[in-house]
Each structure stands twice: as C-alpha cells, then as structure tokens.
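Each chain, letter by letter, is given below.
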Amino acid sequence: MINKILRKIAKWLLILAFVSLLPIVVLRWAPTPGSMLMVERWFAAQQSEQALDIQYQWRPYEQIPDGMKMAVIAAEDQRFAEHYGFDLKAIRAAVEHNMQGGSLRGASTLSQQVAKNLFLWSGRSYLRKGLEAWFTLWIEVLWPKQRILEMYLNIAEWDRGVFGVEAAAQHHFHVGASYLSNRQASQLAAVLPSPLNWEAAQPPAHAQRRAIWIQQQMRQLGGRHYLDEMEAGRDWPEWLTVRYWRNRLDL
C-alpha cells in the first residue's frame with residue numbers, strides 16, 4: 001500500500017514538473033502577455049476598490065538600448081553573464097551582512113527576479129523560494145542570457161501599474177524605450193529597489209547618487225563589450241558535463 005501511494009505521488013510530481021516546464025519552453029520565443037506580478041497588483045487593486053490601469057507593451061531585445069541593458073545589470077546583478085542563476089558570492093556576502101545585524105540585504109539575480117515576477121507571488125516563504133529556485137534553474141538551462149535580460153526588462157515594475165521598459169520610458173520620460181539616454185536609463189535602474197515610492201524622472205537625492213554610481217559601473221563593466229561577451233554564451237559548468245561524471249565514476 002505504501003509503495004503504491006509513493007508511486008502515485010512520484011507520478012504526479014513528475015507530471016507537475018513537466019507541466020511547469022511548458023510555459024518556460026513557450027516563453028523562450030514568445031512574448032509574454034503579462035506576469036503574475038501584474039495579476040497580483042491588479043487583484044490587490046480590485047480588493048481595495050481602486051482602479052488600476054496596467055501599462056505594458058513588449059519591446060524586443062534589439063529595440064532596447066544598450067545603456068538600459070547595462071544599467072539594470074550594473075544596478076542589480078553585475079555577475080549576470082558569469083553565474084548560472086544563483087550568485088553564490090553575493091548570497092554569501094548578504095548572509096554575512098545580515099548576520100552582523102545590518103539592514104536586510106538580498107542577493108537575488110536577474111534570473112531569480114524573472115522567475116519570481118513571471119511565475120510566482122510576492123512574499124517570503126520556503127515554498128515560494130523553493131519554486132523560485134526550480135524556475136530559475138530551468139530558465140537558465142532553457143533560455144540564453146539575452147532572453148533572460150529581455151524578459152526582465154519587459155516585466156519589471158517601474159510605478160503603479162507601469163510594467164516593462166517601454167511603458168516606463170513613456171510614463172517617466174515621455175519617449176519610447178529606444179530613445180532612452182544613458183542618464184535616463186541609470187535613473188530607471190536606480191529606482192528599482194522602490195519603484196512605487198521613487199520617481200525616476202525626479203529621483204530623491206540618494207537615488208540620484210545611485211544613478212551616478214550606476215553610470216560609473218556601466219563604464220567599468222565594459223558597456224557593449226560586456227553585452228557582446230554575454231550574447232556569445234558561456235560554457236556549461238564542469239559538473240554538468242558527461243566527462244566530469246565519467247571521471248568521477250571511473251567509467
């Protein structure tokens with residue numbers, strides 16, 4: 001009886017795992033019609049009986065300026081091109097910082113933020129973090145880095161009801177995303193920690209200082225050269241190769 005129950009549980013877990021991969025495969029090429037964060041914001045507005053107009057328009061990777069791509073990398077995840085979804089160095093640094101009693105610091109990569117905003121709900125729980133890790137793993141396996149960055153820029157929240165770089169550019173600067181300057185891009189990236197409270201066109205003093213720092217980091221990271229290296233792809237980690245396990249198992 002117990003073995004039968006375990007087999008059924010394993011069967012359904014495999015089915016759920018397969019089903020969860022389908023949207024990742026589809027969204028490898030198709031523009032997303034929205035995100036779970038958009039649904040969550042809309043539902044919260046309905047519950048509070050407040051009108052919410054979702055502003056969202058997909059913008060392909062090629063139509064997003066390099067400055068905007070580099071700005072979010074510089075601000076949110078400078079090791080984006082190097083890691084495989086989880087920045088272990090940043091996680092270790094965040095844990096050490098938080099254990100010392102400082103203000104809580106996160107270490108979410110762009111890949112993790114895409115997984116969370118696209119497929120999951122807000123809040124902190126072991127279940128949500130586990131699902132976030134699952135989706136992050138498969139996003140990294142099935143999508144190239146430029147697709148992850150493209151998705152991030154198209155679903156990031158930049159004000160109440162404002163999602164994606166196209167809507168953000170029009171809302172804050174009254175221009176299309178393709179026409180954003182490096183300064184405007186850095187200001188958009190600077191308000192990402194608190195997009196519902198900080199105005200990108202007129203950021204508070206500390207966010208303005210952060211925008212200046214972001215521009216410096218964009219140059220130090222290499223700008224277009226960084227993107228070229230990222231778009232060229234990177235090798236799989238050694239532990240995912242057949243040779244690694246053949247040597248380990250002495251086959």
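Values in this document were obtained by computation on a predicted structure and should not be read as measured data. Residue numbers here run from 1 along each chain, matching the order of that chain's written sequence. Restriction of local features to residues with pLDDT of at least 70 applies here, the model being predicted, together with a cutoff of 80 or more for giving and counting side-chain atom pairs; totals for whole chains, interfaces and linings are based on all residues. The basis for every side-chain value is the complete set of heavy atoms in the structure, and neither hydrogens nor water enter the calculation.

Undergrad: Help me understand the overall build of the protein, please; the structure alone is not making it clear to me.
TA: Secondary structure counts use DSSP, requiring at least four H or I residues in a row for a helix and at least two E residues in a row for a strand, with both numbered from the N terminus. Looking only at helices and strands, one finds 12 helices and three strands in the protein. A total of about 14700 Å² of accessible surface is found on the protein, and carbon and sulfur atoms cover 58% of it. Throughout, the Shrake-Rupley method with a 1.4 Å probe supplies accessible areas, and for residues the shown protein chains are the sole cover considered.

Undergrad: In this structure, what is going on with the packing of aromatic side chains? I would like to understand it.
TA: Aromatic rings in a pair are described by how distant their centres are and how their planes are angled relative to each other. The criterion for an aromatic pair is that two Phe, Tyr or Trp rings (for Trp, the six-membered ring) have centres within 6.5 Å, with stacked assigned to planes under 30 degrees apart, edge-to-face to planes over 60 apart and tilted to the rest. Per the stated rule, a full pass over the model turns up two aromatic pairs. Taking the centre distance of 4.7 Å and the plane angle of 20 degrees together, the rings of phenylalanine 119 and phenylalanine 135 count as stacked. Placement of phenylalanine 119 in helix α5 (residues 110–119) and of phenylalanine 135 in helix α6 (residues 126–142) is noted, with a sequence separation of 16 residues between them. There is no split in this pair, since phenylalanine 119 and phenylalanine 135 are both buried. Think of it as a cone above the ring: NZ of Lys or CZ of Arg counts as a charge over the ring if it is within 6 Å of the ring centre and within 35 degrees of the ring normal. Directly above the aromatic system of phenylalanine 80 lies the positively charged group of lysine 145, at a separation of 4.4 Å from the ring centroid. Only protein chains enter the accessibility calculation, which uses a 1.4 Å probe; a residue whose area is less than 20% of its type maximum is buried, one above 50% is exposed, and one in between is partly exposed.

Undergrad: Even after reading the chapter, I still don't get the pattern of salt bridges, so can you show me in this structure?
TA: A side chain with one charge can pair with a side chain of the opposite charge if their charged atoms come near. For salt bridges, the criterion is a side-chain nitrogen of Lys or Arg within 4 Å of an Asp or Glu carboxyl oxygen. Inspection of every chain in the model, using the stated rule, returns 13 salt bridges. Glutamate 82 is the salt-bridge partner of arginine 79, the closest N and O atoms lying 3.0 Å from each other. We classify arginine 79 as partly exposed; its relative accessible area is 26%. Note on glutamate 82: relative accessible area 47%, which makes it partly exposed. One salt bridge in this structure joins lysine 129 and glutamate 132, with 3.2 Å as the shortest N-O distance. Highlighted residues: lysine 129 and glutamate 132, both in helix α6, separated by three residues, approximately one helical turn. Taking the relative accessible area as the measure of exposure, glutamate 132 reaches 2% and is therefore buried.

Undergrad: How should α5 be read in this particular structure?
TA: Each turn of an α-helix holds 3.6 residues, which means side chains three or four residues apart point in the same direction. Here α5 lies mainly inside the structure; nine of its 10 residues are buried. For α5, the complete set of buried residues consists of Leu110, Ser111, Gln112, Gln113, Val114, Ala115, Asn117, Leu118 and Phe119.

Undergrad: Quick question: what am I supposed to make of the packing of α5 against α6 here?
TA: In a packed pair of helices, the relevant descriptors are the angle between the two axes and the axis-to-axis distance. Between α5 and α6, whose axes approach to 8 Å, the crossing angle comes to 115 degrees. With respect to α6, the axis of α5 lies roughly perpendicular. With respect to the hand of their crossing, α5 and α6 are arranged in right-handed fashion. Together, Ser111, Gln112, Val114, Ala115, Lys116 and Phe119 of α5 and Arg128, Lys129, Glu132, Phe135, Thr136, Ile139 and Glu140 of α6 make up the contact between the two elements. Here the residues of the contact of α5 with α6 are counted per class, giving five nonpolar, three polar and five charged. Axes, fitted as lines to C-alpha atoms, cover a helix only where it is in contact. Angles between the N-to-C directions of the axes lie from 0 to 180 degrees. The labels follow the angle: roughly parallel below 35 degrees, roughly antiparallel above 145, roughly perpendicular from 65 to 115, and oblique for the rest. In this scheme, a crossing is called left-handed if the near helix is turned counterclockwise away from the far one by less than a right angle; it is called right-handed if the turn is clockwise. Contacts are assigned to residue pairs with any non-hydrogen atoms lying within 4.5 Å of each other. Polarity classes work like this: nonpolar for Ala, Val, Leu, Ile, Met, Phe, Trp, Tyr, Cys and Pro, charged for Asp, Glu, Lys and Arg, and polar for all others, with Gly in that last group.

Undergrad: Any chance you could explain the environment of arginine 28 here in plain terms?
TA: Assignment of secondary structure puts arginine 28 in the loop between α1 (2–26) and α2 (36–47). Here arginine 28 falls in the partly exposed class, since its relative accessible area comes to 23%. Sequence separation between arginine 28 and arginine 147 is 119 residues, and the spatial gap between their C-alpha atoms is 7.1 Å. The contact partners of arginine 28, leaving out residues within four places of it in the chain, are Leu142, Trp143, Pro144 and Arg147.

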